[in-house]
Amino acid sequence: MAPPMSADAFLDALRSEGVTVVEVGDWREHNRNHKGPWGPVHGVMIHHTATRGTAHTVRICRDGRPGLPGPLCHGVIAKDGTVHLVGHGRANHAGAGDDDVLRAVIAEKALPPDDEANTDGNRHFYGFECENLGDGEDPWPEAQLEAVEKVAAAVCRHHGWTERSVIGHREWQPGKVDPRGFTMAWLRGRIRDRLK
């Protein structure tokens, strides 16, 4: 169990890991905390946006879309590897997911199948949206994949977590497919190597 990082600590952790960061507007105060608590935090969740174009993607992730107010994550990872911070606090990214998955993340054990949606993930996960169409064909440039690895490692390093605290949305919520285009086992391997 861990309290969420402060905005300053979050920014410092990302920069210390070598992440190129863009601060978007009032990201430090932009959140959904009025809808419920943020924390304790237990992990990092990776998504794809199903959008094209960095400016458009950042705007949607900051402001939300009809029926889903922003922020939709904490950081947007652009194709060039730049991370745009759009929120700090509770964000509409994880939704309801499987309590067995959460217990496995907390214990840093292998994940069970996600076959329930009975637990509030927005409370417990840092969320990063990656600019990608999610169609299995849109490429994942190495700069972007390296940034995904770095942001996840930065959060894990701060909290003393291993790579097993990093999951994909598809591992949390039944019916989700993101991130599509690489396996989470492959990503966790990269994060493990970075944390050595």
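As a reminder, the structure under discussion sits directly above these lines.
Report on the accompanying structure. Since this is a predicted model, take the numbers as computed values, not measurements.

**Here's the deal with the sheet that holds strand E9 (residues 125–130)**
Ordered in space as E1-E6-E5-E9-E2-E10, the six strands form an open sheet in which the pairing is mixed. Every other strand in the sheet has two partners, leaving strand E1 (21–23) and strand E10 (166–168) as the edge strands with one partner each. When strand polarity is set aside, the average angle formed by the axes of neighbouring strands in this sheet is 25 degrees. Both E1 and strand E6 (residues 83–85) contribute to a ladder of three bridges, which runs parallel. Paired with Glu-23 across the two strands is Leu-85, which belongs to E6.

**Points about the nonpolar core**
Core analysis: the biggest nonpolar cluster contains 36 residues, and Phe-10, Leu-14, Ile-46, Tyr-126 and Phe-128 have the highest contact counts within it. Sorting the residues of this core by element identifies helix H1 (7–16), strand E2 (43–48), E6, E9, helix H4 (142–159) and helix H6 (184–195) as the ones contributing at least two each. At nine residues, the largest contribution of residues to this core is made by H4. In this structure, Met-45, Ala-94, Leu-102 and Phe-125 belong to the second largest nonpolar core, which totals eight residues.

What counts, and at which threshold
- Residues numbered from 1 in each chain as written.
- Predicted model: local features only at pLDDT ≥ 70, side-chain atom pairs only at ≥ 80, totals over all residues.
- Heavy atoms only, no water.
- Pairing = 2+ DSSP bridges.
- Helix = DSSP H or I, 4+ residues; strand = E, 2+ residues; numbered from the N terminus.
- Axes fitted to C-alpha atoms, helices over the stretch in contact; angles between N-to-C directions.
- Core = buried A, V, L, I, M, F, W, Y, C linked by side-chain atoms within 4.5 Å.
- Buried < 20%, exposed > 50% of the residue type's maximum accessible area, 1.4 Å probe, protein only.

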